[in-house]
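Architecture and fold: a report
Listed here are the chains, written in short residue letters.
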There are 2 protein chains.
Amino acid sequence: MSGSNFNPESDAFETRPTFYVGQHDSTRFAALTDDQYSQVLNSGFRFVTAPVTTRHFFDRVVDLHRYYLKERDEWTQKQSLTASQQANPSLPGPAVPTLTDKDTSIYPSHYIGNLAVYFSPWIDLCSPDPHISSLSRQVLNLEAAYANFCGARTIVIPGPRQDDSSRGIAQYARAIREALNVANRANIIIHMPMYREPGLDEKSETLSSIFSPRDGPEPEPKKEVDLFGAWDSWNTIRSTCNYSMRLFVALRVPRRVPEKTLQERWFAEPMHYLTIGRDVFQPNKAGHPSLSRHHQDLINRYMRLRSVPWLLLCDVGPRPEELGALPDQAASEFPSLAEASQALREGRRPHMPAMNAHVGYMKYLERQQPAFSAMEAPALTSFQDWLQPPLQPLADNLESATYEVFEGDPVKYDQYEKAITEAMIEWKELKKPTSTATAANPDSPELVVTVAGAGRGPLVTRALRAAESTGTPIQIWALEKNQDAYVYLLRKNKVEWGNKVTLVKTDMRGWEGPRLRGSEDVIGKVDILVTELLGSFGDNELSPECLDGIQNHLARPHGISIPHSYTAHLSPISTPRLFADISSRVVGDPNAFETPWVVRLFAIDYVAQKVPDHPRFQQAWEFVHPVAVLRADEFAAVHGKAAKYVTGGVGSMSGASGTNEHNARHCHLTFVCPTRGVIHGLAGFFESVLYASQKGTGKEPVEISILPDQIDRKSKDMVSWFPIFFPLKKPLYFPQDTELEVSMWRQTDDTKVWYEWLVEVYAWVGPSTRIKVGSSDLHTSRKVACLM
Amino acid sequence: MSGSNFNPESDAFETRPTFYVGQHDSTRFAALTDDQYSQVLNSGFRFVTAPVTTRHFFDRVVDLHRYYLKERDEWTQKQSLTASQQANPSLPGPAVPTLTDKDTSIYPSHYIGNLAVYFSPWIDLCSPDPHISSLSRQVLNLEAAYANFCGARTIVIPGPRQDDSSRGIAQYARAIREALNVANRANIIIHMPMYREPGLDEKSETLSSIFSPRDGPEPEPKKEVDLFGAWDSWNTIRSTCNYSMRLFVALRVPRRVPEKTLQERWFAEPMHYLTIGRDVFQPNKAGHPSLSRHHQDLINRYMRLRSVPWLLLCDVGPRPEELGALPDQAASEFPSLAEASQALREGRRPHMPAMNAHVGYMKYLERQQPAFSAMEAPALTSFQDWLQPPLQPLADNLESATYEVFEGDPVKYDQYEKAITEAMIEWKELKKPTSTATAANPDSPELVVTVAGAGRGPLVTRALRAAESTGTPIQIWALEKNQDAYVYLLRKNKVEWGNKVTLVKTDMRGWEGPRLRGSEDVIGKVDILVTELLGSFGDNELSPECLDGIQNHLARPHGISIPHSYTAHLSPISTPRLFADISSRVVGDPNAFETPWVVRLFAIDYVAQKVPDHPRFQQAWEFVHPVAVLRADEFAAVHGKAAKYVTGGVGSMSGASGTNEHNARHCHLTFVCPTRGVIHGLAGFFESVLYASQKGTGKEPVEISILPDQIDRKSKDMVSWFPIFFPLKKPLYFPQDTELEVSMWRQTDDTKVWYEWLVEVYAWVGPSTRIKVGSSDLHTSRKVACLM
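What you are looking at is a predicted structure, and each value in this text was computed from that prediction instead of being measured. (Residues numbered from 1 in each chain as written. Chains lettered and ligands numbered in written order. Predicted model: local features only at pLDDT ≥ 70, side-chain atom pairs only at ≥ 80, totals over all residues. Heavy atoms only, no water.)

**Here's the deal with the overall build of chain A**
If you tally the helices and strands in chain A, you get 21 helices and 29 strands. Counting only residues that meet the buried cut, chain A has 59% of its 788 residues in that class. Of the contacts made within chain A by residues no fewer than 6 positions apart, 79% connect residues no fewer than 24 positions apart. Counting only carbon and sulfur atoms, one obtains 53% of the accessible surface of chain A, whose full area is about 32700 Å². (Helix = DSSP H or I, 4+ residues; strand = E, 2+ residues; numbered from the N terminus. Buried < 20%, exposed > 50% of the residue type's maximum accessible area, 1.4 Å probe, protein only. Contact = heavy atoms within 4.5 Å. Areas by Shrake-Rupley, 256 points an atom, 1.4 Å probe, with all protein chains shown as cover.)

Written out as structure tokens, the structure reads:
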């Protein structure tokens, strides 16, 4: 590593995500004492977990239930009850008594907010035995209430003992929902495995193992591992809890790293901890703990989340007996908590025990991470999964600062310049006549270039540069409707462009056309029309409608529109965080679920498989400019004899006369999902061909793209556009071997444009049988439509 | 038939649903003239359909599209477009011009409200050809706008041409939603087949058949008829239209009547017309048209709906040529519309043409229907599918009239009397000691009977009658918390009961217990406790909690509670009308979808199959009285050594100390659905054993039941309870071979009781593979809980 990389003042200073490593000990039955806490901090950990209740409490609950069962048997015999009464599961079970000071070792304190309070793992909320599940719920609520009283802000609850196929998961989920009620200020974190590794089921002592031991031998382990079972359980839990913003997952890293699709699934979930057990580590050649390359990659990937998960190492020491063995009088040999903190603040190691080997290894991994890339700069990272309401492109006037942000993307404007340059070169090569040609000057070489919607002029600069570099004589017009930007353009024309540009303050749809130099009484035509009206979904900022309004000034047949065409693309995604975010907005914004949001999608899961016939990203529709066949009203003008057919009619939408009907679109796409999952909406992207060579085959078109699988090839590091997100009101669950059928419309009446979307789920249940299993609502953004 | 049946003043007068028969002619391209209308009325019809547009319009649209295609081809060749542009489906299609007076034959008039306006059957909204589907949408909106302008209130639109498997159904559904917008005051009725009979697809001329004829030979007809395909399409349409209250179905009766499950499915849908084509009729021996027994049963069944569907006979004459052949001058031979109406009003037949044979047959069927039964009395029928908000049983005091309604059900009180009678007889037979026995009188034969919640006293009367008939000496108490009903009881005691009853104005939970005759300073015990606290779901009006509060006064071990026990039962149902109704209430009542409604379920479909292991109606849980094991606090008092365990703890619910925990319940039920469908909620019922013989086997218990498959056997014609309905916020669709897993909870904290419910859908996709395909939200009535 070069020295400059360690200079925080240097631009080249490399930064990486920070590892925040904590300690959890599953055999610990009491919170650490101050001294023990110091020891653990000194061994390199930054935080620890604390069990909310003690062994004493566990014993009491077990004792209570045992006693109750005995009493009930005696009572029942004495009563000579009917068979129905004896079998009646409604016989009241015991109430768990409130805690005493022997039952817990945590108390209100100023540092409790730093503790992760770990709930009793011996309860079984899923138990089919109504008494055990009732006891378990009572224990859970008792612990939740007490932790909340003490001021705990982070509660970890062991996940359900079985996967979703078990009938108890609804019981478990319902209990968590109540715990969120009881502990009404804490975050609740469910400790889930990534998937259930065979032979790794917990063997610890639980109410179920004590009172409802399995009859007969252990069941045969299933041959096939249900990779998505644990995720499915989690999905049920958080759905039952209405995607609470206070509910997170602590994800147990498995011994064997699973396939990428499962890693990506969890990547999209609200992850608070990554937990790593002792058995996940392998000794390296020197006998030190280490993790496989696959594990490292997995951790590195998760560390790129905006909210990095903390790392919780489980059962990697120091063991409670090591800490507990410490005699009271020996405590003074260890630095006190205050001393240790002081030492840490001063950047020196406390004088005491050596760093825990596992922590040491994690610190090594921290340094080994790839540094943040340009696209991971903090300014960009802050936009991750952050919902931006869409623009009203024709109604809103932008501020200068906004233009400046747009202009800050060199990639986009480089591509535009390249497109204009190629168009100019080919114009000459193909000997196309220019529109400035007149009877007096039939071979005028001057191209008429118009930048419509010039803003602060970046495309004008590029067009002038292209003309200069190709030696093309041009007459150039720049149109801008924003009166304030127009002032800026006037100044720029004097200062930078040498007054070469004819500036017009107008909405491009109302422009009269160019009055050519030397024949100002005649309205001429435009040879090259340059616009930048594209939105995240291509046409969503009304580029088609705006270009309709100006394309009659384009010279025919040779006139060129840059962009030449653009396409909209879709992919269904799972994004629990955005769903929760939008849900929280509905009260203030009833259209939140029918609004296409602009958002830098990051912690999401593309659920669709990449297969040749049904790729992950599919094209919805295309717009090509100029429109090849004229609009209906022009059609009438050109073809007088057809006029009787086109004197205005009715559109597809209420109240419309159909004048914008040709800009309506519809698509029906099929996405393939091999594994079960849930989607929360559709991610939208665009691509655009700015200029396609007219010389025939062979030449690559000049393109820009924000498609995740194309952007690096077509317009790497272009940051002007984030994707668009079309949400669903309700998460849509789908089983394995599913096809998601997406219907999408671009709807329009005479005055506005909006989108509608609908997703249907079909599952393959045999080689030739496909059944419908569900459907979303039909969503429409009509109420937040773009006004024309 | 006896004469009295024809006397409308007689109680025995039999009434039947009325057939309202209309005429539709699929070959008609213009509305009837006045004279033609009269002829049709004279032939027995009560209404007719009218096409909104004429053949002239059809020809114009076909001509337009043909012309457009030709022009486009020429234009495209001239432009030497790129391949991408040629293939671009975005080339604008033609706009359908507005109507002229040649295009329609309907106009605003005072009688248009009586016409069923039939929309053009030649459009194809599902067409994969974007131009044809666009033309079709335009035609639809044009017709909808014009019909709405004219004042039409009933619009019939031909259903989609294919079933749901087709990709176009979303397009069709979206177009109907827009038509509802355009015709914003009319009812829109979709003409659907019950199922698609093989070989019966329409062969008529459509835009698709003209412009997109199928290449090659007709496809092989499918071997298996998809019985539920048409219903599925309808479900997609009305879901896309958000269950609009203005959207109905006109159901085409098939030639072959399908299985009962499909009939029941349609029975639950908002049905406006039953349409019967000429080919459904068969000539009888005399050559007259007739319908099969199966068809008759189907029609009779649908005629029991509160809103009876009208009958629309299709293409059964008089044919347009018969009417059209009528020369203008001949019109006078027919009675005018006014004359005909006059004749009808006067109850005589107009002098003119004979009744249409098909109408005549329908009138015959009308008379052949079974008469209304007692349970179909208008007073009861008016409650069909009518949502009643639930009672707050402990907070609300009832009015006398309400008590009177309850008392009007002899079946219930007969069963109570029978139960009390049997209990008294067995008390003697089994030589059980009474609680009036004292040292002075160890063999006192007097039974202590208490009616708790006596209301206006019907159970007191029955208890006195039972004592009388069995010769049982009793001391009887009647408790009532409603101070106004108490006054009524005081008077009744004097007037009717001979002051035999000790009346106490008290909430039963606060009663001190009976002070026995002759030893008033001692609180005695109750031998027989009689209550009527049951709700539609058994325990939903807090019977368990109320009985808890009084059962410590029951003599042990012999004391009897009548009712002895009760069970709650569930079944998932499809009920689009209730869903639409509740949806319309959500604005004013945000808890509408989490409220258990009392409702006389009628137009519903029980989707679950009747199979032995998983019956259609399944028991959720049971309550038995007196509670066999004491409540937790009593448990402590009785068992001093256990006291340390039961000094009050925490319940399963936030803020509860668990005192009512023993009345919480949970169930998990699996219902089997062989065919696909949709559910809107759970129907709830109860059964109760009022008294179960204690003499051992052999004797039937005395029961009441509102379970549809038990009520006739256990308590026929009992009308005191309607079922309860637990709605789902979103209709839950399920595929064929599904298991619906219902989780239900009776939740309680220390102060209130509520229910929670959740439905999950699992589909069998192989002999041993079951996959989850969907789930409802977890619903909770906590916000409208019953207060204890």
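**Topic: the sheet that holds strand E6 (residues 247-252) of chain A**
Residue and element names in this part refer to chain A. In spatial order, the strands read E1-E2-E3-E4-E5-E6-E7-E10; together these eight strands close into a barrel with parallel pairing. Taken pair by pair, the neighbouring strands of this sheet meet at an average axis angle of 30°, ignoring direction. Strands strand E4 (154-158), strand E5 (187-193) and E6 of the sheet are contacted by helix H5 (residues 169-182), whose axis makes an angle of about 155° with E5. (Pairing = 2+ DSSP bridges. Axes fitted to C-alpha atoms, helices over the stretch in contact; angles between N-to-C directions.)

**Observations concerning helix H15 (residues 410-429) of chain A**
All names here are of chain A. A rise of 1.5 Å per residue sets the reference length of H15, with its 20 residues, at 28 Å; its end C-alpha atoms lie 28 Å apart and thus fit the reference within 8%. Of all 20 residues making up H15, 14 are buried, and the element is well covered by its neighbours. Regarding H15, its N-cap is Asp409, as a side-chain oxygen of that residue lies 3.2 Å from the backbone nitrogen of Val411 further along. Two residues or fewer after H15 comes Lys431, characterised by a positive phi angle close to 55°. (Expected span 1.5 Å × (residues − 1). Polar contact = N/O pair within 3.5 Å; in protein donor to acceptor, adjacent residues only side chain to side chain.)

**Observations concerning the UniProt feature "site: Critical for specifying symmetric addition of methyl groups" (unreviewed entry) in chain A**
Residue and element names in this part refer to chain A. Taking the UniProt record as the reference, the feature "site: Critical for specifying symmetric addition of methyl groups" (unreviewed entry) is found at Phe406. By the element assignment, Phe406 lies in helix H14 (residues 400-407). Assessed through its relative accessible area of 30%, Phe406 is described here as partly exposed. Leaving out residues up to four positions away in the same chain, Phe406 has contacts with Leu398, Tyr413 and Ser720. (UniProt positions renumbered as here; feature names shortened; annotations may be inferred.)

**So, the packing of helix H15 (residues 410-429) of chain B against helix H16 (residues 458-470) of chain B**
Residue and element names in this part refer to chain B. Look at H15 against H16: their axes get within 9 Å of each other, and the N-to-C directions meet at 40°. As judged from the angle between their axes, H15 and H16 are oblique. Between H15 and H16 the crossing geometry is right-handed. Here H15 contributes Pro410, Tyr413, Asp414, Tyr416, Glu417, Ile420, Thr421, Met424, Ile425 and Lys428 to the contact with H16, which in turn contributes Pro458, Leu459, Arg462, Ala463, Arg465, Ala466, Ala467, Ser469 and Thr470. Class assignment of the residues belonging to the contact of H15 with H16 gives a composition of 11 nonpolar, three polar and five charged. (Parallel < 35°, antiparallel > 145°, perpendicular 65-115°, else oblique. Left-handed = near helix turned anticlockwise from the far one by under 90°. Nonpolar A, V, L, I, M, F, W, Y, C, P; charged D, E, K, R; others polar.)

**Here we look at the UniProt feature "binding site: S-adenosyl-L-methionine" (unreviewed entry) in chain A**
Residues and elements named next belong to chain A. According to UniProt, the positions carrying the feature "binding site: S-adenosyl-L-methionine" (unreviewed entry) are Tyr403, Lys412, Tyr413, Glu480, Asp507 and Met508. The greatest C-alpha distance among the residues just named is 23.5 Å, and with 106 residues of sequence between them they are spread in space as well. When you line up the elements, Tyr413 lands in helix H15. Residue classification places Tyr413 among the buried positions, given a relative accessible area of 3%. When sequence neighbours within four positions are dropped, the list of residues in contact with Tyr413 reads Phe406, Glu407, Pro458, Leu459, Arg462 and Glu532. Relative to the assigned elements, Met508 resides in the loop between strand E14 (501-505) and strand E15 (528-531).

**Topic: the packing of aromatic side chains**
All names here are of chain A. Per the counting criterion, the structure on display carries 52 aromatic pairs over all chains. Pairing Phe47 with Tyr273 gives two aromatic rings, centres 5.7 Å apart and planes at 15°, and the pair type is stacked. Of the two residues, Phe47 is situated in strand E2 (residues 47-51) and Tyr273 in strand E7 (residues 271-277); the sequence distance between them amounts to 226 residues. There is no split in this pair, since Phe47 and Tyr273 are both buried. Taken together, Phe537, Trp621, Phe726, Tyr755 and Trp757 form an aromatic cluster joined through their ring pairs. Positioned above the aromatic ring of Trp231, the side-chain terminus of Arg265 is 4.6 Å from the ring centre. For the cation-ring pair, Arg301 lies above Phe267, with the distance from its terminal atom to the ring centre recorded as 3.7 Å. (Phe/Tyr/Trp six-rings, centres within 6.5 Å; stacked < 30°, edge-to-face > 60°. Lys NZ or Arg CZ within 6 Å of the ring centre and 35° of its normal.)

**Focus: the pattern of salt bridges**
Counted by the stated rule, this structure contains 73 salt bridges over all chains. The partner of B:Asp777 in a salt bridge is A:Lys730, and the shortest N-O contact between them spans 2.6 Å. Of the two residues, B:Asp777 is situated in the loop between strand E26 (769-775) and strand E27 (779-780) and A:Lys730 in strand E24 (residues 724-734); the pairing between them involves two chains. When its relative accessible area of 22% is taken as the criterion, B:Asp777 is described as partly exposed. According to the relative accessible area criterion, A:Lys730 is partly exposed, its value standing at 28%. As a salt-bridge pair, A:Asp749 and A:Lys752 come within 2.8 Å of each other at their nearest N and O atoms. A residue is classified by how much of its surface remains accessible, and A:Asp749, at 8% relative accessible area, is buried. It is possible to trace a salt-bridge network through shared partners that takes in A:Arg174, A:Glu178, B:Glu756 and B:Arg782. (Salt bridge = Lys/Arg side-chain N within 4 Å of Asp/Glu carboxyl O.)

**Considering unusual backbone geometry**
In this model, A:Ile562 is joined to A:Pro563 through a cis peptide bond whose omega is 10°. For the bond running from B:His625 to B:Pro626, omega is -5°, close enough to zero to count as cis. Secondary-structure assignment places B:Pro626 in the loop between strand E19 (618-624) and helix H20 (632-638). Phi is positive for B:Asn242, close to 55°, though the residue is something other than glycine. Along the chain, B:Asn242 falls in the loop between helix H7 (229-240) and strand E6 (247-252). Positive phi is not limited to glycine here, since B:Asp315 has a value of about 60°. Turning to its location among the elements, B:Asp315 is positioned in the loop between strand E10 (310-314) and helix H10 (320-324). Owing to a relative accessible area of 26%, B:Asp315 belongs among the partly exposed residues under this scheme.

**With respect to the environment of A:Ile679**
Mapped onto the elements, A:Ile679 comes out in strand E22 (residues 677-691). Aside from chain neighbours lying at most four places away, what touches A:Ile679 is A:Pro572, A:Ile573, A:Ser574, A:Val607, A:Leu728, A:Pro731, A:Leu732, A:Phe734, A:Leu740 and A:Val759.

**Re the nonpolar core**
Residues A:Ile562, A:Leu570, A:Met744, B:Ile562, B:Leu570 and B:Met744 are the most contacted members of the largest nonpolar core, which totals 211 residues. Grouped together as the second largest cluster of nonpolar side chains are 92 residues, B:Leu115, B:Ala152, B:Ala186 and B:Phe281 included. (Core = buried A, V, L, I, M, F, W, Y, C linked by side-chain atoms within 4.5 Å.)

**Some details on the confidence of the model for chain A**
Residues and elements named next belong to chain A. Averaged over every residue, the pLDDT of chain A is 87; the share at 70 or more is 87%. In this model, residues 325-334 is a region of pLDDT below 50 whose contacts with residues beyond four sequence positions or in other chains number 11 contacts. A low-confidence stretch, residues 630-647 (pLDDT under 50), is modelled with 29 contacts involving residues beyond four sequence positions or located in other chains. For this predicted complex, the interface confidence reaches an ipTM of 0.87, while the overall pTM sits at 0.90. (pLDDT = per-residue confidence, 0-100.)

**Considering the pairing of E2(A)**
Both faces of the sheet carry side chains from a regular strand, because those side chains alternate between them. All names here are of chain A. In terms of burial, E2 is a largely internal element, five of the five residues being buried. Side chains Phe47, Thr49 and Pro51 of E2 all project onto a buried face; the interleaved residues Val48 and Ala50 project onto the opposite face, where all are buried too. Pairing of strand E1 (residues 21-24) with E2, which is carried by two bridges, proceeds in the parallel orientation. When the sheet's bridge partners are listed, Gly22 is paired in E2 with Phe47. In terms of strand pairing, E2 meets strand E3 (residues 116-118) through three bridges, oriented parallel.

**Section: the sheet that holds strand E11 (residues 447-452) of chain B**
Residues and elements named next belong to chain B. Read from one edge to the other, the open sheet built from five strands follows the order E13-E12-E11-E14-E15, with strand pairing classed as parallel. Here the strands that pair on one side only, and so sit at the sheet edges, are strand E13 (501-505) and strand E15 (560-562). With strand direction ignored, the average angle separating the axes of adjacent strands in the sheet is 20°. Sheet analysis places strand E12 (residues 474-480) next to E13, joined by five bridges and oriented parallel. Along E13, the bridge assignment pairs Trp477 with Thr502. Sheet strands touched by H16: E11, E12, E13 and strand E14 (528-531). Its angle to E12, the strand with the most contacts, is close to 175°.

**A closer look at the pairing of strand E13 (residues 474-480) of chain A**
Residues and elements named next belong to chain A. When you tally the buried positions in E13, you get seven out of seven residues, the bulk of the element. Because side chains alternate across E13, one face comprises the buried residues Ile474, Ile476, Ala478 and Glu480, and the other comprises Gln475, Trp477 and Leu479, equally buried. Strand direction decides the pairing type here: strand E12 (residues 447-452) and E13, joined by six bridges, are parallel. The residue bridging Val451 from the neighbouring strand is Ala478, located in E13. Crossover connection from E13 via helix H17 (residues 483-495) to parallel E14: handedness right-handed. (Right-handed = clockwise from strand over helix to strand, strands pointing away.)

**Looking at helix H8 (residues 260-267) of chain A**
Burial within H8(A) is extensive, with six of its eight residues counted as buried. Three or more residues of H8(A) are buried, namely A:Leu262, A:Gln263, A:Glu264, A:Arg265, A:Trp266 and A:Phe267.

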